[in-house]
Amino acid sequence: MKNLISSFSYLDYKDNLLNLDNIPVNDLVKNIETPFFLYLPQRFKQNYLALKNSLSKRLPKFQIFYAVKANYLGKILLDAKKLGLGLEIMSLFEILLARRAKYSFNNIIFNGPAKTELELTTYLKENSNARINVESLNELVLIERIAKKMEIKPKVTVRIHPNLSKETEKRMLIKKSSKLGIDYERAKKLFSFAKDSDFLEPVGVHVHVGTNLSSHEFFNELFDFMNSYIESLRKIDIQIKEVNLGGGLAPPNVLIRENFSLYRFAEQIVTKFENYKDLLFLFEPGRYLIADSFIALTKILQTKKSWGRKWAFVDIGANSLVPLRYSIYSVIPLFFKGKGQYCNLGGPLCLPVDIITKEAVDFMVENDDLLAVLNCGAYTLSMSEQFGYPRPPVYELNEKGKLKLIKPSDDIERMVEENFSNLE
Ligand SMILES: Cc1ncc(COP(=O)(O)O)c(C=O)c1O
């Protein structure tokens, strides 16, 4: 456990009590009912600054856009705005969230494989510096039609699927068989169409094939491909000004464990794209910024033994801690009572997939113990469901070391009533 928390700079054990920024977590959460999420704005800021500072040491031109889909909580969007982050959005809902946060739309990239006319028009109306990632010819035709009507010329970037080695492809979340992106050869048709249009400005190439990435070797391979691809586009007179490297970086604690250096990442970009010194690089991190800026607090409701295994059931479930292939939740106790029998952790849902961590924990657990779930900020709240339970509230740890409610839990009475709407 010591090993695990050594890569979370804000956590420590003192007298067996978990401390967060030197405050015992027990004291912090004393009067709050579990389960709940705790947002750490300082961590979000640190993560952003670490990335920005590493990139700015090497890259002359770059911009960072927070991937709203990772966690769209209003307070995060307001914090992102204050930090000067752009946004990467994918739907009308996210456009409206950005508008509600009074975001400058000139700093927002619009993504997604099937944007509607309403979504595109709403986005373009707000925006004098529109930047749209496109991955089908049909969509380009639609954007051109809208742009013509509005007498504008939005920037478009084509999301390609690159050619990577078989071994790398196998490890990627987004493969050649995936619905996302378009194969790099076919993408050239999109570039040519946009170049010939009076209402589209093809500025860049976009790539996003994985998440939780922490391998310099992967990026070497990707950047080699991208570099030669840009060269091949120049040969057909498509001048690339922007390279959008998407999101995909693992959270900082994982990067530390895997010896991945953000500075070396920046160095790799500069070295691999050295022929193109004027390129603007765009990044769309979600998980990296927000995963470890969240902790979930949960209580053990029951324990049991079955077929030689020990189980503990906590009061937060897979409807909030969504069990995705790349989930990397870790669980530690608020009060460490010593090593115990390996224990599997499940949530309260009557579903076999409702498992909190892949590995059993090895500390002592008893009913009513409080546990902290780490690395749970990305793709949890934003993908959560009311599967039999209200979704938990979110508190933030403010600068004064106090907790403030920033999103209430679902209202269980309302959940019931919504299902009887218009019946009586
Ligand atoms: C186009 C695009 N950009 C950025 C992201 C954010 O990815 P991550 O959270 O892995 O950084 C995603 C996630 O699905 C995406 O599809």
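These numbers come from a predicted model, not from an experiment.

Quick word on the pairing of strand β6 (residues 86–89)
Taking every second residue as pointing to the same face, both faces of β6 are buried, with Gly86 and Glu88 on one and Leu87 and Ile89 on the other. As defined by bridge partners, strand β5 (residues 62–67) adjoins β6 across three bridges and the pair is classed as parallel. Following the sheet pairing, Ala67 is matched in β6 by Glu88. Assessed by its sense of winding, the connection that carries the chain from β5 through helix α4 (residues 74–83) to β6 is right-handed. Pairing between β6 and strand β7 (residues 108–110): three bridges, direction parallel. Its bridge partner lying in β7, Ile89 is registered against Phe110. Since β6 and β7 lie parallel, the crossover through helix α5 (residues 92–100) that links them has a hand, and here it is right-handed.

A word on helix α7 (residues 137–150)
When the terminal C-alpha atoms of α7 are compared, their 20 Å separation across 14 residues agrees well with the 20 Å that a helix rising 1.5 Å per residue should span. Turning to α7, its buried residues number three or more, namely Leu140, Ile143 and Ala147. Looking down the long axis of α7, one finds its buried residues gathered within 65° of arc, a one-sided arrangement. Within α7, the exposed residues directed more than 90 degrees away from the buried face are Asn138, Val141 and Lys149. Summarising the contacts, the buried residues of α7 are in contact with α6 (117–125), β8 (131–134), β9 (155–161) and α9 (184–195). Backbone geometry just after α7 places Glu151 at a positive phi near 55°.

Concerning the domain arrangement of the protein chain
Domain boundaries assigned for the protein chain yield domain 1 (2–40 + 291–418) and domain 2 (42–290). Its C-alpha centre places domain 1 at a distance of 32 Å from the equivalent point of domain 2. At the junction of the two partners, domain 1 supplies 21 residues and domain 2 supplies 23 residues. Of all elements in the fold, only β20 (394–397) and β21 (403–407) reach the threshold of two or more residues within the side of domain 1 that touches domain 2.

Things to note about the environment of Ala194
Tracing the backbone through its elements, the reader meets Ala194 in helix α9. For Ala194, a count of 24 C-beta atoms within 10 Å translates into the label buried. Remark: the alpha-carbon pair of Ala194 and Glu144, spanning 50 residues in sequence, is separated by 8.4 Å. With sequence-adjacent residues up to four places away left out, Ala194 is seen in contact with Leu140, Val156, Leu200 and Pro202.

Points about the pairing of β21
Strand direction decides the pairing type here: β20 and β21, joined by four bridges, are antiparallel. Bridge assignment links Tyr395 to a residue of β21, and that residue is Leu405. A loop of five residues connects β20 with β21, the two strands running antiparallel in sequence, and Gly401 in this loop sits at a positive phi of about 75°.

Description of helix α10 (residues 216–235)
Under the 1.5 Å per step criterion, the end-to-end length of α10 is 29 Å for 20 residues, consistent within 8% with the ideal 28 Å. Of the positions making up α10, those classed as buried are Phe219, Leu222, Phe223, Met226, Tyr229 and Leu233. For α10, the arc enclosing every buried residue in end-on projection is 130°, short of the 170-degree limit, so these residues lie on one face. Away from its buried face by more than 90 degrees, α10 exposes Glu217, Ser228, Glu231, Ser232 and Lys235. Against α9, β11 (201–206), β12 (242–244) and α12 (262–272) lie the buried residues of α10.

Observations concerning the nonpolar core
What tends to happen in soluble globular proteins is that the nonpolar side chains get buried as a cluster. Formed by 113 residues in total, the largest nonpolar core has its most connected members in Leu38, Leu87, Val156, Ile295, Ala372 and Val373. The element contributing the most residues to this core is α10, with six residues. In terms of domain composition, this core takes at least three residues from each of domain 1 (2–40 + 291–418) and domain 2 (42–290). For Val373, the residues in contact, after removing those within four places along its chain, are Ile295, Ala296, Thr298, Ile316, Leu321, Tyr329, Val331 and Ile356.

A look at the sheet that holds strand β1 (residues 11–14)
Hydrogen bonding along the main chain pairs the strands of a sheet, whether they run parallel or antiparallel. With antiparallel pairing, the three strands of this open sheet are ordered in space as β1-β2-β3. Both edges of this open sheet fall to β1 and β3 (23–24), since each of them pairs with a single strand only. Bridge analysis of strand β2 (residues 17–20) against β3 gives two bridges, and the strand direction is antiparallel. By the bridge assignment, Leu20 is partnered in β3 with Ile23.

Some remarks on the environment of Phe336
Within the secondary structure, Phe336 is located in the loop between β16 (330–333) and β17 (339–346). Separated by 33 residues in sequence, Phe336 and Asp369 place their C-alpha atoms 9.8 Å apart. Contacts of Phe336, omitting those with residues within four sequence positions, involve Tyr13, Asn16 and Phe363.

Conventions adopted
Residues numbered from 1 in each chain as written. Predicted model: local features only at pLDDT ≥ 70, side-chain atom pairs only at ≥ 80, totals over all residues. Buried ≥ 20, exposed ≤ 12 C-beta atoms within 10 Å, placed from the backbone. Helix = DSSP H or I, 4+ residues; strand = E, 2+ residues; numbered from the N terminus. Pairing = 2+ DSSP bridges. Right-handed = clockwise from strand over helix to strand, strands pointing away. Expected span 1.5 Å × (residues − 1). Arc of directions from axis to C-beta. Contact = placed C-beta atoms within 7 Å. Domains from an automatic or database assignment. Core = buried A, V, L, I, M, F, W, Y, C linked by C-beta atoms within 7 Å.

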